[in-house]
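So you can see what is in the structure, the chains are spelled out below.
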Amino acid sequence: MHTDSTGYLIEELSWMQGEKFYNAGYTGKGVRIAVFDGGFEDVDTHPAFAHLFKNNQIVKTWDFTKRKENVYHGHYHGRMVLSCIAGIMDDTVHLGLAPEAQFLLARTEVKSEKHKEEVWWVQALEWADQNGADIVNSSLGYGDQLYYVKDMDGKTSRVAKGAATAAEKGILVCTAMGNEGSKKEWKVLVTPADVDKVLSVGAVHGINSIAYYSSWGPTADGRLKPNVVAPGNDLVANNHDNYSYSQGTSFATPMVTGFAACVKQMHPDYTAMQLLKEIEKSGNHYPYYDYRYGYGIPQAGYFTGEKAKPESFKLYADDQHVYLVPNDTSLKSSDKVFYKVSNNDGTIVKYGDEYFSHKEVFSLDKEDMEEGQTVHFWYDGTYKTYTFGKDNLPTPPDTDIATIWGDDYEWKADENNFYDQKHKWYSAGASLRTGFTIPAMWSPAGNIHTADRVSRSLFAVWSNTFKLAKVYALGLNLSFGSTWFAVDSAALPMAIEPVAAGYELHKKNFKVTSFDLEFYQRFYLSKSSRNRGILDMGIYGMWNTGSRLKEKFVGENGNVMLMTDERYMRPQMNKLAWGVRLRVGWEHISIYGQYRISNLLKKDIFNTDLPKIEVGVQLF
């Protein structure tokens, strides 16, 4: 988008009417912004930031993970984020709205030590406050690696408490909603976006097209989030002096941070909360709100004196429907109709949005509302409401009713009570366990294996887990399967009658079929809601249902003869056996080891007992 003879803004900034700030000379000058991230690799050498060093706009830096000033290493994410606030490509194309702001750069992230990262984040807030920050940009968030969805209440996490304190001290914290919107187990926001006084930012990929990954609101205690949304697919400073498009709420957030810096430059007297509220009011949907778009995309025209658009539609009603009829029915607008139903306390029950193109009338069935509930509409810059059982609307024009479009709309918030989905304290599932017994030369039983074979096992498992805490659970596994022991002639006397002359005994397998009941305690190796890493320690008991000896004879001409002896069925077995088991797993696979303490067979059946140690793999 061309603005004047000296520069350009990238197209996405036009969604925020960024050219109005740019043309009026608002570039964030005099506003101090602290940026928290996992590193700012190559910012000191990338040409997108040359002007920041030339004009001494980077005031201070600090790496909280190493306690050093150098932050131009670590992750590249911070470079991309900073470019969305102040980057300039080829000295001409502006990637953000605040190229003349001052900056404090703080590295607070590493790949591990998640709780420590929260501590560094809070320390960075204190450091930013001490160094005069007006705005903090944090394209970081903490969710399923540390917390449950119920913890997203603005007061549980360390960073939430720190952000609330920073807001009270007059710092506007702009933070990302998170990229969890497409995840089945965690659609909602991450902390510190759950803080009431924080400007939480979602992402769009078009003026009225929410990004599929952008996290949902509200907070766990029902407060409205996000506050606003911004372009999430943006041109950023890439490595090797290059530029490319990248997407995420990480990049929508600095777009809003640059916008906030321009507003702060215009109104230096604004407090952090005044700044937040005015940016909300500038949203292109304001005062309409829902849990995905918030108040919409901030508009610079709100601050530069743009005139309000004329009313774009009228509302009508009859006994069955509420109708939205555009004033200009010949206009095939690309705008969407946004609609929601709320209770009288403002709680959003459900909401949706549909494109209006090629439709003449939008209708909403009154069966989707209850007495006293209010339906809210936003379309093409106009916002209106209708309260069922209270408001009276005129009946629709007869000429338009024949072309009603309705009843096929899709509610987007049927899952808006996501926080009511209680944590699953009980879970169950099937798995397969397969392993081999370690030759008994390494166990007290003595070696009964032939040199060229190992024993093996295969069990089907039904697992039941009862979670008692974030990192601890009790479990029960019920298994059924068989173990095939490879034995030699010395260990097991000849059991089958001699076969025809010319055949030689090749090998023997002793098969034991069992039910296996295991009680175990589980330790989670991370606090992730997915609980991918596990350590199980258990004790198991076996009920041996039967056994069979199978012998293979090979003749001189290569013919094979198999013979089975059933003498070693239950009468020769110990019906019960027991042992201990250890299992370490990650996601869908685990490695286990077990030691059978008791014998499987009665004394004097074999010259020595069967192997007791087994290792293998369990697939979930």
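This structure is a prediction, so every number in the text was calculated from the model and none was measured.

Engineer: Honestly, the pairing of strand E3 (residues 32-37) in this entry has me stumped. Any pointers?
Structural biologist: Moving residue by residue along a regular strand, the side chains alternate between the two faces of the sheet. Counting buried positions over the six residues of E3 gives five, a clear majority of the element. Here E3 pairs with strand E7 (residues 102-107) via six bridges, running parallel. Its bridge partner being in E7, Phe36 is matched across the sheet by Ala106. Sheet topology places E3 next to strand E8 (residues 135-138); four bridges connect them, and they run parallel. When the bridges of E8 are listed, Val35 appears paired with Asn137.

Engineer: Which parts of the structure should I look at to understand the packing of helix H4 (residues 114-130) against helix H5 (residues 158-168)?
Structural biologist: A pair of packed helices can be characterised by two numbers: the angle between their axes and the separation between those axes. In contact at an axis separation of 9 Å, H4 and H5 are set at 5° when each is read in the N-to-C sense. Taken as axis vectors, H4 and H5 run roughly parallel relative to one another. Seen from H4, the contacting residues are His115, Glu118, Val119, Trp121, Val122 and Leu125; seen from H5, they are Arg158, Val159, Gly162, Ala163 and Ala166. Partitioning the contact of H4 with H5 into residue classes produces seven nonpolar, two polar and two charged.

Engineer: Looking at this structure, how should I read the pattern of salt bridges?
Structural biologist: Here the idea is simple: oppositely charged side chains can pair when their charged atoms come close. What the rule picks out here adds up to 22 salt bridges. A salt bridge links Arg583 to Glu518; the shortest N-O distance between them is 3.1 Å. Of the two residues, Arg583 is situated in strand E29 (residues 576-586) and Glu518 in strand E26 (residues 503-524); the sequence distance between them amounts to 65 residues. Of the residues examined, Arg583 reaches a relative accessible area of 1% and is grouped as buried. Overlapping salt bridges bring together Arg433, Asp516, Glu518, Arg522, Asp536, Arg581 and Arg583 as one network.

Engineer: I'm lost on unusual backbone geometry in this one. Help?
Structural biologist: Among all residues save glycine, negative phi is the norm, and among peptide bonds the norm is trans. With an omega of 15°, the peptide bond between Thr191 and Pro192 qualifies as cis. Its place among the elements puts Pro192 in the loop between strand E9 (172-176) and strand E10 (199-206). Across the junction of Gly217 and Pro218, the peptide omega takes the value 0°, indicating a cis bond. Tracing the chain through its elements places Pro218 in the loop between strand E11 (209-210) and strand E12 (228-231). Unlike most non-glycine residues, Asn56 shows phi in positive territory, near 55°. Within the secondary structure, Asn56 sits in the loop between helix H2 (50-54) and strand E4 (58-63). Taking the relative accessible area as the measure of exposure, Asn56 reaches 62% and is therefore exposed.

Criteria and cut-off values
- Residues numbered from 1 in each chain as written.
- Predicted model: local features only at pLDDT ≥ 70, side-chain atom pairs only at ≥ 80, totals over all residues.
- Heavy atoms only, no water.
- Buried < 20%, exposed > 50% of the residue type's maximum accessible area, 1.4 Å probe, protein only.
- Helix = DSSP H or I, 4+ residues; strand = E, 2+ residues; numbered from the N terminus.
- Pairing = 2+ DSSP bridges.
- Axes fitted to C-alpha atoms, helices over the stretch in contact; angles between N-to-C directions.
- Parallel < 35°, antiparallel > 145°, perpendicular 65-115°, else oblique.
- Contact = heavy atoms within 4.5 Å.
- Nonpolar A, V, L, I, M, F, W, Y, C, P; charged D, E, K, R; others polar.
- Salt bridge = Lys/Arg side-chain N within 4 Å of Asp/Glu carboxyl O.

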